[in-house]
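Per-entry structural report
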Amino acid sequence: SQQGEEDPQALSIQEGENATMNCSYKTSINNLQWYRQNSGRGLVHLILIRSNEREKHSGRLRVTLDTSKKSSSLLITASRAADTASYFCATDANDYKLSFGAGTTVTVRA
Amino acid sequence: EPEVTQTPSHQVTQMGQEVILRCVPISNHLYFYWYRQILGQKVEFLVSFYNNEISEKSEIFDDQFSVERPDGSNFTLKIRSTKLEDSAMYFCASSPPPTGNGYTFGSGTRLTVV
């Protein structure tokens, strides 16, 4: 299976702090994507990083990808209460499907 | 921003009944998908659909399930003879060609089988 696996499973931080979560996967990928899910809601696409990219930024989000280690990290800077959600990495091997990890639940305390 | 629309948002059905979950993908997208998420578990791939046929399906997507694009805009997932374990959130998604771009997910249909 090439499913991504995130760690930690849960993260609790103070508002204003940074949150970092990691994702590891097993096989070659075309790209890796990060999604956010608020409790009981849909999946929101955050950022996509291609296999030939090493780092990507979008607003307060920074994603890195190390294909040699088959790992990625998502950094959320200056966290806000509204960032409280579950975050999932998903790998795309260009085979018409995404493989999701179990997610990291982030709680931002006011 | 274009959205993937799913209806209904919540469906309760009796075990053994058939349900149809509906999705309107983004109009210029050509690839369509169904995923499901059992409460507290991972999001799981069910099926992908391109050019009016299934491109890929998972082991979960057995004969109980079928997909259809009946009219060029809707994309449906039919679950025949529902079981208790079919209770989950079902997400529709679409992506532009080629795959390798970000997917746009709908907000999901919560299916409860009683």
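Predicted model only: the values in this text are computed from it and were never measured.

Calculation criteria
- Residues numbered from 1 in each chain as written.
- Chains lettered and ligands numbered in written order.
- Predicted model: local features only at pLDDT ≥ 70, side-chain atom pairs only at ≥ 80, totals over all residues.
- Heavy atoms only, no water.
- Helix = DSSP H or I, 4+ residues; strand = E, 2+ residues; numbered from the N terminus.
- Rg over C-alpha atoms; globule rule 2.2 N^0.38 Å.
- Contact = heavy atoms within 4.5 Å.
- Areas by Shrake-Rupley, 256 points an atom, 1.4 Å probe, with all protein chains shown as cover.
- Lys, Arg positive; Asp, Glu negative; His and termini not counted.
- Charge placed at Lys NZ, Arg CZ, Asp CG, Glu CD.
- Pairing = 2+ DSSP bridges.
- Axes fitted to C-alpha atoms, helices over the stretch in contact; angles between N-to-C directions.
- Polar contact = N/O pair within 3.5 Å; in protein donor to acceptor, adjacent residues only side chain to side chain.
- Buried area = accessible area lost by both parts, 1.4 Å probe.
- Salt bridge = Lys/Arg side-chain N within 4 Å of Asp/Glu carboxyl O.
- Nonpolar A, V, L, I, M, F, W, Y, C, P; charged D, E, K, R; others polar.
- Buried < 20%, exposed > 50% of the residue type's maximum accessible area, 1.4 Å probe, protein only.

Turning our eyes to something else, we now look at the overall build of chain B. Broken down by element type, chain B carries zero helices and 11 strands. Reading the secondary structure of chain B in the N-to-C direction produces β-β-β-β-β-β-β-β-β-β-β. In terms of overall dimensions, chain B is globule-like: its C-alpha atoms have a radius of gyration of 13 Å, near the 13 Å expected for 114 residues. Considering only C-alpha atoms, chain B reaches an extent of 40 × 25 × 25 Å along its principal axes. For chain B, restricting intrachain contacts to residue pairs at least 6 apart in sequence, the fraction spanning at least 24 positions comes to 54%. Entry remark: accessible area of chain B is about 5600 Å², with carbon and sulfur atoms responsible for 46%. Treating the 9 positive side-chain charges of chain B as one cloud and the 13 negative ones as another, the clouds have centres 3 Å apart.

Turning our attention to the sheet that holds strand E8 (residues 71-76) of chain A. Residue and element names in this part refer to chain A. One open sheet holds the five strands; their spatial order is E1-E3-E8-E7-E6, and the pairing between them is antiparallel. At either margin of the open sheet sits one strand with a lone partner, and together these are strand E1 (5-7) and strand E6 (55-58). Pairwise comparison of adjacent strand axes, ignoring direction, gives a mean angle of 20° for this sheet. With three bridges connecting them, E1 and strand E3 (residues 19-24) associate as antiparallel partners. By the bridge assignment, aspartate 7 is partnered in E3 with asparagine 22.

Looking now at the side chain of B:Ser58. All names here are of chain B. Tracing the backbone shows serine 58 in the loop between strand E6 (53-57) and strand E7 (65-68). A polar contact is formed between the side chain of serine 58 and the backbone oxygen of phenylalanine 45, at a distance of 2.9 Å. Every residue in contact with serine 58, bar those within four places of it in the chain, is listed here: Phe45 and Leu46.

A separate point is the interface of chain B and chain A. It is common to report an interface's size as the accessible area lost on association of the parts. Facing 21 residues of chain B, the contacting portion of chain A comprises 25 residues. Around 1800 Å² of area is buried between chain B and chain A when both sides are counted, 54% of it from carbon and sulfur atoms. Ionic pairing is found between B:Lys42 and A:Glu5, a salt bridge with its closest N-O pair at 2.7 Å. Across the contact surface, chain B and chain A share four residue pairs in polar contact (both at pLDDT 80 or more). Those elements that place two or more of their residues in the side of chain B that touches chain A are strand E4 (31-37), strand E5 (43-50), E6 and strand E9 (88-95) of chain B. No other element matches E4(B), which puts four residues into the side of chain B that touches chain A. Split into classes, the residues belonging to the side of chain B that touches chain A amount to nine nonpolar, nine polar and three charged.

This part covers the pattern of salt bridges. In this structure the tally under the stated criterion is six salt bridges over all chains. With a shortest N-O distance of 3.9 Å, A:Lys56 and A:Glu53 are connected by a salt bridge. In this structure A:Lys56 comes out as partly exposed when scored by relative accessible area, which is 28%. In this structure, A:Lys97 and B:Glu56 form a salt bridge, with 3.5 Å as the shortest nitrogen-oxygen distance. A residue pair is termed interchain when its members come from two chains, as with A:Lys97 in the loop between strand E9 (85-92) and strand E10 (98-100) and B:Glu56 in strand E6.

This paragraph deals with the pairing of strand E7 (residues 61-66) of chain A. All names here are of chain A. As paired strands, E6 and E7 are joined by four bridges and run antiparallel to one another. Paired with serine 58 across the strands is leucine 61, a residue of E7. Between E6 and E7, which follow one another and run antiparallel, lie two residues, and glycine 59 among them has a positive phi close to 60°. The pairing of E7 with E8 spans six bridges and is classified as antiparallel. Residue threonine 64 lies in a different strand from E8, and its bridge partner there is serine 73.

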